[in-house]
Amino acid sequence: MILSNTNQPILEIRSLSHIYGEGTPFRHVALDNVNLKLYQGELVGLIGHTGSGKSTLIQHFNGLLRPTSGQVLLRGEDIFATKTATRNARFAVGLVMQYPEYQLFEDTVRKDIAFGPKNKGITGVELERVILEACDAVNLPRRLLDSSPFELSGGEKRRAAIAGIIAMEPDLLILDEPTAGLDPKGREEILETITAYRKNTGKTVLFVSHSMDTVANVCNRILVMNRSHIAMDASPAEVFSRTEELRNMGLALPDLTDIFVYMQNRGLPISDPVYTMDYAVRKLAELISSEKEHYAE
Amino acid sequence: MQNNITLGQYFPMNSPVHRLDARFKLFLTIFFIVTVFFADGLLSYGLVTLVLGGVIAMSKIPFSMILKSLKPLIIIILFTAILNIFYTKGTPLVSFWIFKITYEGIVVAFKMGIRIILLVAGSSLLTYTTSPIMLTDAMEALLSPLKVFKVPVNELAMMMSIALRFIPTLMEETQKIMNAQKARGADFETGSLISRAKALVPILVPLFVSAFRRADDLAMAMESRCYTGGDNRTRLKPLVATGSDFVILVGCILVFSGIIVLGCFGL
């Protein structure tokens, strides 16, 4: 399900390649001719093996990395055309890096969240508004705003760091493994934050994840990266029906899908891929009731 | 990766220069530096340059890498050269207002320039062809006579190898933090000196926090594996000198000594 496909994409990547360490023995092609379009309101999951080029790709979205060749277009405009365009891209594309809590540096959480919006030029009442909204968006108790970021718990630090990006009010929110290194409860909270944020703001969100389960439950579009290419770009249903391909890329299926594939192979009469709990319950309920009818006859 | 800092970057290749025993290489580099300071006339400078050029060619390090290590020093080289041109007394060639350019000045400036280039090129060749770990091992070996005077050579070497080990890690970390702050619109490139210095705070604070965290982790990991410094520690890859290493060592010592003698006679 790709939303508003007819509109202009918010972000478009055109034949993008990136090569690290050109001219040294460490030369490495991280991205090879990647094409991609992101539309308003999508919730996209980006998955792939370690070293498949995910982090490199997303660092092009806001102009942190310059492509070796190819273009990054933000609402049709090349973000590397002028310095101003690159700077605007920084604020229009909010990028939450891996382990963002290590970037906290101010003496209070409030000041730290204010860092991004201040750089964008937001001041006064408006600044206070975006700080409070961001704080609420990530579900961080407002009383923590005046404490030191170094006193927070791991999950709170992570959410404070994400708030620092959301406060810039970007059109596109990109998160690189936002749940890495958190306990199950922390993971759950972050995912809820992300889905709620997208629902409330209608903005595009893309997040990188290792976990198929996470992606399966949350996203409406999945990008699979393999060896510097985008290998799949489709709905979860389609991606998870390509079981063999995924396995060959060294990616695991969501646990639920795995179980259903196993049962399907043993004759369970459900043909489509099953990747969310709701769908599994519905399908099984249908199956049980039809069996009952069968026996009733 | 921060590719613009090349000084101290190991460039792995398979060459005779890479294979030479690190202790000998370190010793010869120091000897080379001494030789450069003794070089005086055209002949000795020419020979030093020739030797260095030959070794660079043998090392298979691309010449562009050597140039890259010289690039940050252009200003220093120019600065010393210009000072020498104006401040050396001798036969004036041109003079205007309070400035005088002397023949001797130009010669000294030229020599100083060449000297700095040779020194930097020579020492960066050492770090290009020797892995940091080998280098610390070599330093430890060369410093070991100091143990007699109760200098904690082992500990110093361990500190050095930890420092070297963490330079790339911290550089990567710095790059990550910089990227993260750039993603929040931080600007490190423009503005006055003071505002640029202020812009470093968002990098330095997280960097120090993480350096201390890493130090803690490392100390814990070393403790839990019962690390104790001292004499009885053995190495995974002990440095072993082969016959050809000795041949190279003696050969180089003779060549360098010859150049020093030439330099003493002002040739």
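Just so it is clear, the model here is predicted, and its values are computed rather than measured.

Rules used in this analysis
- Residues numbered from 1 in each chain as written.
- Chains lettered and ligands numbered in written order.
- Predicted model: local features only at pLDDT ≥ 70, side-chain atom pairs only at ≥ 80, totals over all residues.
- Helix = DSSP H or I, 4+ residues; strand = E, 2+ residues; numbered from the N terminus.
- Rg over C-alpha atoms; globule rule 2.2 N^0.38 Å.
- Buried ≥ 20, exposed ≤ 12 C-beta atoms within 10 Å, placed from the backbone.
- Contact = placed C-beta atoms within 7 Å.
- Nonpolar A, V, L, I, M, F, W, Y, C, P; charged D, E, K, R; others polar.
- Domains from an automatic or database assignment.
- Expected span 1.5 Å × (residues − 1).
- Pairing = 2+ DSSP bridges.
- Axes fitted to C-alpha atoms, helices over the stretch in contact; angles between N-to-C directions.
- Arc of directions from axis to C-beta.
- pLDDT = per-residue confidence, 0-100.
- Core = buried A, V, L, I, M, F, W, Y, C linked by C-beta atoms within 7 Å.
- Right-handed = clockwise from strand over helix to strand, strands pointing away.

Trainee: Can you explain the overall build of chain A? Please cite residues and give values.
Mentor: Secondary structure assignment for chain A yields eleven helices and ten strands. A compact globule built from 297 residues should have a C-alpha radius of gyration of about 19 Å, and chain A, at 21 Å, falls within 12% of that. With the C-alpha coordinates aligned to their principal axes, the bounding extent of chain A is approximately 75 × 50 × 40 Å. Taken over 297 residues, chain A has a buried fraction of 42%. Taking contacts inside chain A between residues at least 6 apart in sequence as the whole, the part at least 24 apart equals 65%.

Trainee: I'd love a proper account of the interface of chain A and chain B, names of residues and values included.
Mentor: Contact residues are listed per partner, giving 22 residues for chain A and 18 residues for chain B. Counting residues per element, the ones that place at least two in the side of chain A that touches chain B are helix 2 (83-92), helix 3 (109-120) and helix 5 (154-166) of chain A. Considering each element in turn, the side of chain A that touches chain B owes the most residues, four residues, to helix 3 of chain A. Partitioned by chemical class, the residues of the side of chain A that touches chain B number 13 nonpolar, seven polar and two charged.

Trainee: Give a detailed account of the domain arrangement of chain B, specifying residues and quantitative values.
Mentor: By domain assignment, chain B separates into domain 1 (16-130 + 240-264) and domain 2 (152-224). The centre of domain 1 of chain B, based on its C-alpha atoms, is set 33 Å off from the matching centre of domain 2 of chain B.

Trainee: I'd love a proper account of unusual backbone geometry, names of residues and values included.
Mentor: All names here are of chain A. Phi angles above zero are rare outside glycine, and Glu 177 is one such case at about 45 degrees. Mapped onto the fold, Glu 177 is located in the loop between strand 7 (172-176) and helix 6 (184-201). The class of Glu 177 is buried, set by 20 C-beta atoms lying within 10 Å. In this structure, Ser 228 takes a positive phi of about 70 degrees despite not being glycine. Among the structural elements, Ser 228 can be located in the loop between strand 9 (221-226) and strand 10 (229-234).

Trainee: Quick one: what's the story with helix 5 of chain A, residue by residue and with numbers?
Mentor: Residues and elements named next belong to chain A. Over its 13 residues, helix 5 runs 19 Å from end to end, which matches the ideal 18 Å to within 8%, given 1.5 Å per residue. Extensive coverage of helix 5 is indicated by the burial of eleven of its 13 residues. Among all positions of helix 5, only Glu 156, Lys 157, Arg 158, Arg 159, Ala 160, Ala 161, Ile 162, Ala 163, Gly 164, Ile 165 and Ile 166 are buried. Tucked inside the fold, the buried residues of helix 5 contact strand 6 (93-96), helix 3, helix 4 (124-137), strand 7 and helix 6.

Trainee: Run through the sheet that holds strand 3 (residues 43-48) of chain A, naming residues and quoting values.
Mentor: Residue and element names in this part refer to chain A. Here six strands make up an open sheet; going across it, the order is 6-7-8-3-9-10 and the pairing mixed. A strand with exactly one partner marks an edge of an open sheet, and here the two such strands are strand 6 and strand 10. Each neighbouring strand pair of the sheet contributes to a mean axis angle of 15 degrees, computed without reference to strand direction. Judged from the five bridges that link them, strand 3 and strand 9 form a sheet pairing that is parallel. Residue Gly 48 lies in a different strand from strand 9, and its bridge partner there is Met 225. Sitting on the sheet, helix 1 (residues 54-61) is in contact with strand 3, strand 6, strand 7, strand 8 (204-209) and strand 9, with an inclination near 155 degrees to strand 7. The sheet contacts of helix 6 involve strand 3, strand 7 and strand 8, and relative to strand 8 the element is tilted by about 160 degrees.

Trainee: Give me the lowdown on the sheet that holds strand 4 (residues 69-74) of chain A, citing residues and values where you can.
Mentor: Residue and element names in this part refer to chain A. Taken together, four strands build an open sheet; the order of strands is 2-1-4-5 and the sheet is antiparallel. The open sheet terminates on both sides in strands that have one partner only, identified here as strand 2 (28-38) and strand 5 (77-78). Contacts from helix 1 reach strand 1 (11-20), strand 2 and strand 4 within the one sheet, and its direction differs from that of strand 2 by about 55 degrees.

Trainee: Please provide a residue-by-residue account of the environment of Lys 150 of chain B, values included.
Mentor: With respect to the helices and strands, Lys 150 of chain B occurs in the loop between helix 7 (132-143) and helix 8 (153-183). You can call Lys 150 of chain B exposed: it has 7 C-beta atoms within 10 Å.

Trainee: Kindly report on the domain arrangement of chain A, identifying the contributing residues and their values.
Mentor: Residue and element names in this part refer to chain A. Domain annotation of chain A identifies domain 1 (11-237) and domain 2 (254-297). Inter-centroid distance (C-alpha atoms) of domain 1 to domain 2 is 36 Å. For the side of domain 1 that touches domain 2, the secondary-structure elements that each account for two or more residues are helix 7 (212-218) and helix 8 (236-241). With four residues, helix 7 is the largest single contributor of residues to the side of domain 1 that touches domain 2.

Trainee: Describe helix 11 (residues 243-264) of chain B, naming the residues involved and giving the relevant values.
Mentor: For an α-helix, 3.6 residues make a turn, and residues three or four places apart therefore share a direction. All names here are of chain B. Taking 1.5 Å per residue, 22 residues should reach 32 Å; helix 11 reaches 32 Å between its end C-alpha atoms and fits that length. For helix 11, the full list of buried residues reads Ile 248, Cys 252, Phe 256, Ile 259, Leu 262 and Gly 263. One face of helix 11 carries all of its buried residues, which in axial projection span an arc of 110 degrees. Turned more than 90 degrees from where helix 11 packs its buried face, Gly 243, Phe 246, Val 247, Val 250, Leu 254, Val 261 and Cys 264 sit exposed. Residues of helix 11 that are buried sit in contact with helix 2 (22-38) and helix 3 (42-59). Positive backbone phi, at 75 degrees, marks Gly 266, one or two positions downstream of helix 11.

Trainee: Give me the confidence of the model for chain B: which residues, what numbers.
Mentor: Residue and element names in this part refer to chain B. On average, chain B scores 84 in pLDDT, and the residues at 70 or more come to 96%. The least confident element of chain B is strand 1 (residues 92-96), whose mean pLDDT is 72; the most confident is helix 10 (residues 201-224), at 92. The ipTM assigned to the predicted complex is 0.84, against a pTM of 0.72.

Trainee: Break down the nonpolar core for me, with residues and values.
Mentor: All names here are of chain A. Counting 84 residues, the largest nonpolar core has Val 93, Leu 95, Ile 113, Ala 134, Ala 163, Ile 166 and Ile 174 as the members making the most contacts within it. In terms of residues, this core owes the most to one element, helix 5, which gives six residues. What Val 93 contacts, discounting residues up to four positions off in sequence, is Leu 11, Phe 61, Asn 62, Leu 74, Pro 170, Leu 172 and Ile 174.

Trainee: Let's hear about the environment of Gly 122 of chain B: which residues, and what values?
Mentor: Residues and elements named next belong to chain B. Relative to the helices and strands, Gly 122 is located in helix 6 (residues 103-129). Gly 122 sits 69 residues away from Gly 53 along the chain, and the two C-alpha atoms are 9.5 Å apart. Ignoring sequence-local partners within four residues, the contact set of Gly 122 consists of Thr 29, Phe 32, Ile 33 and Leu 52.

Trainee: Let's hear about the pairing of strand 8 of chain A: which residues, and what values?
Mentor: Residue and element names in this part refer to chain A. The buried fraction of strand 8 amounts to six of the six residues, a majority that puts the element mostly inside the structure. Two elements, strand 3 and strand 8, share five bridges in a ladder whose sense is parallel. Bridge pairing links Leu 43 to Val 205 in strand 8. Relative to strand 8, strand 7 runs parallel, the two being bridged by five bridges. By the bridge assignment, Leu 175 is partnered in strand 8 with Phe 207. As a crossover connection, the stretch from strand 7 through helix 6 into strand 8 is right-handed.

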